[in-house]
Amino acid sequence: MNIILLGPPGAGKGTQALRLVEAHGMRQLSTGDMLRAAVKAGTPVGLQAKAVMAAGELVSDAIVSALIGEELDAMAQDCGAIFDGYPRTAAQTESLDGILAARGRSLDHVIELAVDEDALVERITGRYTCAECGKGYHDHFEQPKVAGVCDKCGSTQFKRRPDDNEATVRTRMAEYRAKTAPILPIYDARGIVARVDGMAPMDAVTAAITAVLVQ
Ligand code: AMP
């Protein structure tokens, strides 16, 4: 099964993708994570993407589509893919169609996480993760049980994304509205879009997504 999680920054795509990976053995393909890894490693792609990401703008379609193709090639054919943060433009939806067809895959569901944009800025600017295991936390909604110590792995190192500041978040939202939201009608026309309330508690969101997948 191959699915897309679609929604603005902070809608919970990454959180839900990780839960689906754990529950169903699928694989998360996050172009944001791939790009951050490239920036950290200082690869040519990373050097090109760094300033664009810091500004909250979109990296070129060609770069992200190439990354997705490479990741799919490294996966077992029978392993399902969760596309997280890709596609983000109409051109990327076309690329994804070609990428999947060339690999004998097809798209089963597009899950739209519907959210209240005003709440997202608070969600995003307060979020941080354990630098060791990646567990997510939030300044207001989810602090570690022991201050400064990760609940999951005991690490005392945490990190925040450099693009999770208010000014960049506003640009990322504007990019979503202008370039990504318009791809919904493309998938709607194929009858594969399911809308899930992304403002519901995390477990309820996971349950709603799971209900779509077992349909
Ligand atoms: P994300 O982790 O999905 O919020 O992505 C972080 C940043 O990486 C975005 O603000 C963009 O600069 C870049 N990015 C991630 N995925 C894409 C994509 N599919 N197309 C273009 N840029 C992307």
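Keep in mind that what you see is a predicted model, and the values were worked out from it rather than measured.

Pairs of packed helices are described in terms of their axes, by the angle between the two and the distance that separates them. The contact between helix α4 (residues 61–73) and helix α5 (residues 90–102) brings their axes to 10 Å, and the two run at 25°. By the criterion of interaxial angle, the relationship of α4 to α5 is roughly parallel. The chirality of how α4 crosses α5 is right-handed. Packed against α4, whose contacting residues are Asp61, Val64, Ser65, Ile68, Gly69 and Leu72, the element α5 presents Ala91, Gln92, Ser95, Ile99 and Leu100 at the interface.

Looking now at the site of the ligand. In the vicinity of the ligand there are 16 residues, among which Thr31, Arg36, Glu57, Gly85 and Gln92 approach most closely. Here an oxygen atom of the ligand and a side-chain polar atom of Arg36 are 2.9 Å apart. Protein contacts shield 97% of the accessible area of the ligand, which totals 480 Å² for the unbound molecule. Sorting elements by how many residues they give to the shell around the ligand places helix α2 (residues 31–41) first, with four residues. Its residues placed into classes, the shell around the ligand shows six nonpolar, four polar and six charged.

We now examine unusual backbone geometry. Most peptide bonds take the trans form, and the phi angle of most residues other than glycine is negative. Omega for the bond connecting Tyr86 with Pro87 falls within 30 degrees of zero, at -5°, which places this linkage in the cis form. Counting through the fold element by element, Pro87 comes out in the loop between β3 (81–84) and α5.

Here strand β5 (residues 127–130) runs beside strand β6 (residues 136–138); their pairing, made up of three bridges, is antiparallel. Considered in β6, the bridge of Thr129 is made with Gly136. Turn length for the β5-β6 hairpin, with the two strands adjacent in sequence and antiparallel, is five residues, and the turn residue Gly134 shows positive phi of about 85°. Note: β5 against strand β7 (residues 158–159), two bridges, orientation antiparallel. Following the sheet pairing, Thr129 is matched in β7 by Lys159.

Looking at the secondary structure, you find Glu175 in helix α7 (residues 166–180). Residues Glu175 and Tyr128, 47 residues apart in the sequence, show an inter-C-alpha distance of 22 Å. Sequence-distant contacts of Glu175, that is, excluding residues within four places in its chain, are made with Gly56, Glu57, Leu58 and Thr180.

Here we take up the packing of α2 against helix α3 (residues 44–55). Running from N to C, α2 and α3 cross one another at 115°; their axes reach a closest spacing of 8 Å. What the angle tells us is that α2 and α3 run roughly perpendicular. Crossing geometry of α2 relative to α3 is assigned as left-handed. Residues Gly32, Leu35, Arg36, Ala38 and Val39 of α2 lie in contact with α3, whose contacting residues are Val45, Gly46, Ala49, Lys50 and Met53. Looking at the contact of α2 with α3 residue by residue, the class counts come to six nonpolar, two polar and two charged.

With that settled, consider the nonpolar core. Grouped together as the largest cluster of nonpolar side chains are 29 residues, with contacts concentrated most on Leu72, Phe83 and Tyr187. Within the residue set of this core, elements represented by two or more residues are β1 (2–6), α2, α3, α4, β3, α5 and α8 (184–188). A total of five residues in this core trace back to one element, the largest contributor, which is α4. What Leu72 contacts, discounting residues up to four positions off in sequence, is Leu29, Ala81, Phe83, Ile99, Leu100, Arg103 and Arg105. Core analysis: the second largest hydrophobic core is formed by 15 residues, Met26, Ile82, Ile111 and Leu113 among them.

What counts, and at which threshold
Residues numbered from 1 in each chain as written. Predicted model: local features only at pLDDT ≥ 70, side-chain atom pairs only at ≥ 80, totals over all residues. Heavy atoms only, no water. Axes fitted to C-alpha atoms, helices over the stretch in contact; angles between N-to-C directions. Helix = DSSP H or I, 4+ residues; strand = E, 2+ residues; numbered from the N terminus. Parallel < 35°, antiparallel > 145°, perpendicular 65-115°, else oblique. Left-handed = near helix turned anticlockwise from the far one by under 90°. Contact = heavy atoms within 4.5 Å. Near = heavy atom within 4 Å. Polar contact = N/O pair within 3.5 Å; in protein donor to acceptor, adjacent residues only side chain to side chain. Areas by Shrake-Rupley, 256 points an atom, 1.4 Å probe, with all protein chains shown as cover. Nonpolar A, V, L, I, M, F, W, Y, C, P; charged D, E, K, R; others polar. Pairing = 2+ DSSP bridges. Core = buried A, V, L, I, M, F, W, Y, C linked by side-chain atoms within 4.5 Å. Buried < 20%, exposed > 50% of the residue type's maximum accessible area, 1.4 Å probe, protein only.

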